[in-house]
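# Structure at a glance
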Amino acid sequence: MNTIDLGDISISTDAALARTTGGVIVDAKDAVLRHPLGSTTFYRHGWHSWALAHWAVMDDEPTVVRDPARRALSDDPLLAEHPGHVGNYVGAISGPHGNALLLGALGFDTIVEATAGTLRGTSRGEPSRWFAAYGPEEVVFADYAKALEKELGSVRGDPGRVWCSWYSFYQDITEASTHEALSGVEGFGFDVFQLDDGWQVEIGTWEQGPDFPSGMAAMATAISEAGYRPGLWIAPFIVHERSENVLPEIFVQDADGHPKIAGYNWGGPYYAVDVTSDGGRRHVADTVQRAVDWGYTYLKLDFIFAAAIPGVRVGDLTGDAAYRHGIELIRQTVGDDVYLLGCGSPILPSIGIFNGIRVGPDVAPYWENDLNRHLHQDYSSPALRYAISTSLNRLWLKPLVAVDPDVAYFRTRFAILKDSHRQLMADLCQVCESLATSDPPWWLNAAETDQLKAWLAAQPIIERQDRYRFTIDGRPVDFEPATLDGPIRSEPGQGAELALPIPHIDR
Ligand code: 9PG
């Protein structure tokens, strides 16, 4: 048994320990720290972009998505049945005086579980090393980020100010509406004009759909000529069942040798590309190469977790390791100058390859979703509150990668958001230094137009007071009421009193 003094507390473990900046390196496939902090709150970090990250009360039941059909999309499917407090890659337990004990993996396919007396890291793949530290919460997370940077590097990029088509038009984009938006945003100060889902023939058939008759290269040219960096959404690791001309041999399989369904969306199931197979690698490389050849230099790579789902692959790699293989191929194919934003991305294996990562679930023009909350306990589903909460709890990633909290709303049209809630998201984007919106200028009134322009032009001075409180140019901003910590609070009239019977769902 090795015991090491971490300032106010000492921890003991059976593994080999070595001091490093801010903490210790635990050199072991599995690392068990025995600690004296008892049952307080646990920093639970979800697997990918959309998965819940929050501080959970350890005496409460852990928050687990109740709908089995949504689990893979919501978080790590291998933890769906896990009874305790657990998360992916990193965990922390709060101590007295704003301190925390953190245990964070320096490798992939790793989970961290907490009990009143232990913090346990387990590797499901290659042996990992672990970083452990005790001290002020912000400091231990910053030191973990430094240890990760040593291990994985960082290609953190500046995304610039982005106009994205998704949160206004959704899949209903056309060549005409895109041109309308392109001329509409003139003079607002955007750097990137990004077309989202809806341009393609099908998920898996990455050619221009019927609504873009002039083709995607012509659209990229028009975007460039208007003065923006052309951005495009693609999901190179998934193929919808409706997609023709994609051979099932390239899919991740189940134990019976059938293509494994990775999830359901767009009205049916989709499959995951096996990025360890020759055919799968050709599909991925061709897809991203085509986008770059058309002229897009900002790629939003979505549903990208699919490369990591549990299943049978040609190459014998665990989920995250296969994913890393897949995104390395993307980076090699497109080169270093293309901005890569991972969405639905497993967090740790994206570091050092992606310039930016979406760090929370999708925003929506409403604050909460009562059904997803009370019936499914699903905070990975679209809602402004869930996007704010999870993104805030991933701010420690900022030195490693651009943290993208999704878009802000300035419009009141087609939205049921309070002004204060719209303001919170706009402020969070400033804190993240990631400014994006989907508002078409013609949906905005004069005051909203001015607000958007001022927001895009601002270079505020931001100071952090504590976990959720900041000042922006001296104005206090408190995000705490939005967060999903502890016993999840509700606002009166937002469905809190709703006592829905929770059905037992057999799998
Ligand atoms: C395009 C969108 C946008 C958005 C992405 C992603 O079924 N689902 O649970 C589900 C989750 C996320 C999602 C869509 C569906 O959104 O985050 O910004 O690009 O895809 O389809």
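Residues numbered from 1 in each chain as written. Predicted model: local features only at pLDDT ≥ 70, side-chain atom pairs only at ≥ 80, totals over all residues. Heavy atoms only, no water.

It is worth spelling out the site of the ligand at this point. Around the ligand, 16 residues are found, and the nearest of them are Leu73, Asp196, Asp197, Asp302 and Asp362. Between the ligand and the protein, one listed contact pairs an oxygen atom with a side-chain N or O atom of Arg358 at 3.2 Å. Isolated, the ligand exposes 460 Å² of accessible area, and the fraction of that covered by the protein chains is 91%. For the shell around the ligand, the secondary structure elements donating two or more residues are helix 1 (68-74) and helix 3 (166-169). Class assignment of the residues belonging to the shell around the ligand gives a composition of 8 nonpolar, 1 polar and 7 charged. Counting residues domain by domain, the shell around the ligand receives three or more from each of domain 1 (2-152) and domain 2 (162-482). (Near = heavy atom within 4 Å. Polar contact = N/O pair within 3.5 Å; in protein donor to acceptor, adjacent residues only side chain to side chain. Areas by Shrake-Rupley, 256 points an atom, 1.4 Å probe, with all protein chains shown as cover. Helix = DSSP H or I, 4+ residues; strand = E, 2+ residues; numbered from the N terminus. Nonpolar A, V, L, I, M, F, W, Y, C, P; charged D, E, K, R; others polar. Domains from an automatic or database assignment.)

Two side chains bearing opposite charge may form a pair once their charged atoms approach each other closely. As enumerated under the stated definition, the model contains 19 salt bridges in all. Put simply, Glu151 and Arg129 hold a salt bridge, and the shortest N to O gap is 2.7 Å. Placement of Glu151 in helix 2 (residues 137-152) and of Arg129 in strand 13 (residues 129-136) is noted, with a sequence separation of 22 residues between them. Classification of Glu151 by relative accessible area gives partly exposed; the value is 37%. (Salt bridge = Lys/Arg side-chain N within 4 Å of Asp/Glu carboxyl O. Buried < 20%, exposed > 50% of the residue type's maximum accessible area, 1.4 Å probe, protein only.)

What follows concerns the packing of helix 4 (residues 175-184) against helix 5 (residues 216-225). It is at 11 Å that the axes of helix 4 and helix 5 come closest, and there the two elements cross at 10 degrees. In terms of axis orientation, helix 4 runs roughly parallel to helix 5. Of helix 5, the residues touching helix 4 (which contributes Glu175, Thr178, His179 and Leu182) are Met219, Ala222 and Ile223. (Axes fitted to C-alpha atoms, helices over the stretch in contact; angles between N-to-C directions. Parallel < 35°, antiparallel > 145°, perpendicular 65-115°, else oblique. Contact = heavy atoms within 4.5 Å.)

Within the fold, Trp55 resides in strand 7 (residues 53-57). Taking the C-alpha atoms as reference points, Trp55 and Gln194, separated by 139 residues in sequence, lie 33 Å from one another.

A few words on the domain arrangement of the protein chain. Under the domain assignment, the protein chain is made up of domain 1 (2-152) and domain 2 (162-482). Buried area between domain 1 and domain 2, both sides added, is near 3600 Å², and the carbon and sulfur share of it is 59%. Counting across the interface, domain 1 meets domain 2 through 1 salt bridge. With its nearest N and O atoms 2.8 Å apart, the salt bridge here joins Glu137 to Arg467. (Buried area = accessible area lost by both parts, 1.4 Å probe.)

Our next topic: the sheet that holds strand 20 (residues 261-265). If you walk across this open sheet you meet the 3 strands as 19-21-20, and the pairing is antiparallel. In this open sheet, the two strands that pair with only one neighbour each are strand 19 (238-240) and strand 20. Mean inter-strand twist for the sheet, computed between neighbouring axes without regard to direction, equals 35 degrees. Across 4 bridges, the pairing between strand 20 and strand 21 (residues 268-272) is antiparallel. (Pairing = 2+ DSSP bridges.)

What follows deals with helix 4. Within the span of helix 4, buried status applies to Glu175, Ser177, Thr178, Ala181 and Leu182. Projection of helix 4 onto a plane perpendicular to its axis shows the buried side chains occupying an angular sector of 165 degrees, all on one side. For helix 4, the secondary structure elements touched by its buried residues are strand 14 (162-164), helix 3, strand 15 (192-195) and helix 5. (Arc of directions from axis to C-beta.)

A separate point is the environment of Ser12. Position of Ser12 among the secondary structure elements: in strand 2 (residues 9-13). With a relative accessible area of 14%, Ser12 lands in the buried category. Through-space distance from the C-alpha of Ser12 to that of Ile351 is 30 Å; in sequence the pair is 339 residues apart. Those residues in contact with Ser12 that lie beyond four places of it in its chain are Met1, Asn2, Thr3, Val32, Leu33 and Arg34.

What follows deals with the packing of helix 6 (residues 278-294) against helix 7 (residues 319-334). Their axes nearest at 9 Å, the elements helix 6 and helix 7 cross at an angle of 40 degrees. For the element pair helix 6 and helix 7, the recorded crossing hand is right-handed. The residues of helix 7 that touch helix 6, namely those facing Arg281, Val284, Ala285, Val288, Gln289 and Val292, are His325, Leu329, Ile330, Thr333 and Val334. (Left-handed = near helix turned anticlockwise from the far one by under 90°.)

In this structure, Asp109 takes a positive phi of about 55 degrees despite not being glycine. Among the structural elements, Asp109 can be located in the loop between strand 10 (99-105) and strand 11 (110-114). Residue Asp109 is classed as buried on the basis of its relative accessible area of 6%.

Attention now goes to helix 6. An ideal rise of 1.5 Å per residue puts 24 Å on 17 residues; helix 6 measures up with 24 Å between its terminal C-alpha atoms. Taken together, the buried positions of helix 6 are Gly279, Gly280, His283, Val284, Ala285, Thr287, Val288, Ala291 and Trp294. Check the buried side of helix 6 and you find it contacts strand 17 (205-208), helix 5, strand 18 (229-234), strand 19, strand 22 (298-301) and helix 7. The first or second residue beyond helix 6 is Gly295, which carries a positive phi of 120 degrees. (Expected span 1.5 Å × (residues − 1).)

Let's shift gears to the sheet that holds strand 24 (residues 356-358). What the 8 strands build is an open sheet, ordered 25-24-23-22-18-15-14-26; its pairing is parallel. Each edge of the open sheet is held by one strand with a lone partner, namely strand 25 (402-404) and strand 26 (436-437). Of the strand pairs in this sheet, strand 14 and strand 26 are connected by 2 bridges, and their pairing is parallel. Within the sheet, the bridge partner assigned to Trp163 lies in strand 26 and is Thr437.

The next thing to look at is the packing of aromatic side chains. A complete count under the given rule lists 31 aromatic pairs for this structure. Judged by centre distance (5.8 Å) and plane angle (45 degrees), the rings of Phe141 and Trp396 are tilted. You can see Phe141 sitting in helix 2 and its partner Trp396 sitting in the loop between helix 9 (384-392) and strand 25, a full 255 residues away along the chain. For the pair shown, Phe141 and Trp396 are each scored as buried. Between the aromatic rings of Phe169 and Trp442, the centroid separation amounts to 6.3 Å while the plane-to-plane angle is 25 degrees, which identifies the pairing as stacked. On the criterion of sequence distance, the pair formed by Phe169 in helix 3 and Trp442 in the loop between strand 26 and helix 11 (446-457) is long-range, its members being 273 residues apart. A relative accessible area of 15% places Phe169 in the buried class. Chaining the aromatic ring pairs together yields one cluster made of Trp47, Trp50, Trp199, Trp206, Trp233, Trp266, Tyr270, Trp294, Phe303 and Phe305. Positioned above the aromatic ring of Phe188, the side-chain terminus of Lys453 is 4.8 Å from the ring centre. (Phe/Tyr/Trp six-rings, centres within 6.5 Å; stacked < 30°, edge-to-face > 60°. Lys NZ or Arg CZ within 6 Å of the ring centre and 35° of its normal.)

Once that is clear, we can look at the side chain of Asp427. As for its placement among the helices and strands, Asp427 is situated in helix 10 (residues 419-432). When sequence neighbours within four positions are dropped, the list of residues in contact with Asp427 reads Ile472, Arg475, Val477 and Phe479.

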